[in-house]
Amino acid sequence: MSKRNNEHSPISDLLKEFVNTNNLQQGLDKVNVRNAWENMMGNGVNNYTTNIVLKQDTLYVQLSSSVLREELSYGKEKIIAMLNESLGKDVIKKLVLR
């Protein structure tokens, strides 16, 4: 007798299976990265953030302030580490500030 998929499975497991089956993880990562950036950077940086795009393992962040872009460029590795920690996995390998 085979066990049905939905018997005695926690909701989190079912959601993970659904996400994996339907190849939704990349889309979810994009949303989660955007949220992580906004939460981590706060209003000061978010006011100057005009676009956030995750392509493969590279995060592209467009900023309207060249001074802020220069300032953040010194801490790229730390920003990547903090975002990945916030996401709970290594999604971002490279950060490009525009």
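What counts as what
Residues numbered from 1 in each chain as written. Predicted model: local features only at pLDDT ≥ 70, side-chain atom pairs only at ≥ 80, totals over all residues. Heavy atoms only, no water. Salt bridge = Lys/Arg side-chain N within 4 Å of Asp/Glu carboxyl O. Helix = DSSP H or I, 4+ residues; strand = E, 2+ residues; numbered from the N terminus. Core = buried A, V, L, I, M, F, W, Y, C linked by side-chain atoms within 4.5 Å. Buried < 20%, exposed > 50% of the residue type's maximum accessible area, 1.4 Å probe, protein only. Contact = heavy atoms within 4.5 Å. Phe/Tyr/Trp six-rings, centres within 6.5 Å; stacked < 30°, edge-to-face > 60°. Lys NZ or Arg CZ within 6 Å of the ring centre and 35° of its normal. Patch = residues over 30% accessible without salt bridge, like charges linked within 9 Å, V, L, I, M, F, W, Y side chains within 5 Å. Areas by Shrake-Rupley, 256 points an atom, 1.4 Å probe, with all protein chains shown as cover. Axes fitted to C-alpha atoms, helices over the stretch in contact; angles between N-to-C directions. Left-handed = near helix turned anticlockwise from the far one by under 90°.

Section: the pattern of salt bridges
Part 1: In the structure shown here, the tally under the stated rule is 1 salt bridge.
Part 2: Of the charged contacts in the structure, one is a salt bridge between Asp29 and Lys89, with a shortest N-O distance of 3.2 Å. Of the two residues, Asp29 is situated in helix H2 (residues 25-46) and Lys89 in the loop between helix H4 (76-87) and strand S3 (94-97); the sequence distance between them amounts to 60 residues.

Let's talk about the nonpolar core
Part 1: Trp37, Leu59, Leu72 and Ile92 are the most contacted members of the largest nonpolar core, which has 19 residues in total.
Part 2: Within the residue set of this core, elements represented by two or more residues are H2, strand S1 (49-55), strand S2 (58-63), helix H3 (66-73), H4 and S3.
Part 3: Counting residues per element, this core draws most heavily on H2, which supplies 5 residues.
Part 4: With sequence-adjacent residues up to four places away left out, Trp37 is seen in contact with Val45, Asn46, Thr49, Ile52, Leu59, Val61, Leu72, Ile79, Leu83 and Leu97.

A short note on unusual backbone geometry
Part 1: Here the phi dihedral of Gln56 falls at roughly 55°; this positive angle occurs in a residue that is not glycine.
Part 2: In this structure, Gln56 sits in the loop between S1 and S2.
Part 3: A relative accessible area of 62% means that Gln56 is categorised as exposed.

Looking at the side chain of Asp29
Part 1: Residue Asp29 is classed as buried on the basis of its relative accessible area, which comes to 13%.
Part 2: With residues near it in sequence (within four places) discarded, Asp29 still touches Leu54, Lys89 and Val91.

Quick notes on the packing of aromatic side chains
Part 1: Counting across every chain of the model gives 0 aromatic pairs.
Part 2: In this arrangement the basic side chain of Lys55 is found over the ring face of Tyr60, its NZ or CZ atom lying 5.7 Å from the centre.

Regarding a nonpolar patch on the surface
Part 1: Nonpolar side chains collect at one region of the surface, where Phe18, Leu24 and Leu28 lie side by side and expose about 260 Å² of accessible area between them.
Part 2: Position of Leu24 among the secondary structure elements: in the loop between helix H1 (11-21) and H2.
Part 3: According to the relative accessible area criterion, Leu24 is partly exposed, its value standing at 35%.

A short note on the packing of H2 against H4
Part 1: Relative to each other, H2 and H4 sit at 115°, their axes nearing to 10 Å. Considering how the two elements wind past one another, H2 and H4 form a crossing that is right-handed. Where H2 abuts H4, its residues Asn32, Val33, Ala36, Trp37, Met40 and Met41 lie against Ile79, Met82, Leu83, Ser86 and Leu87.

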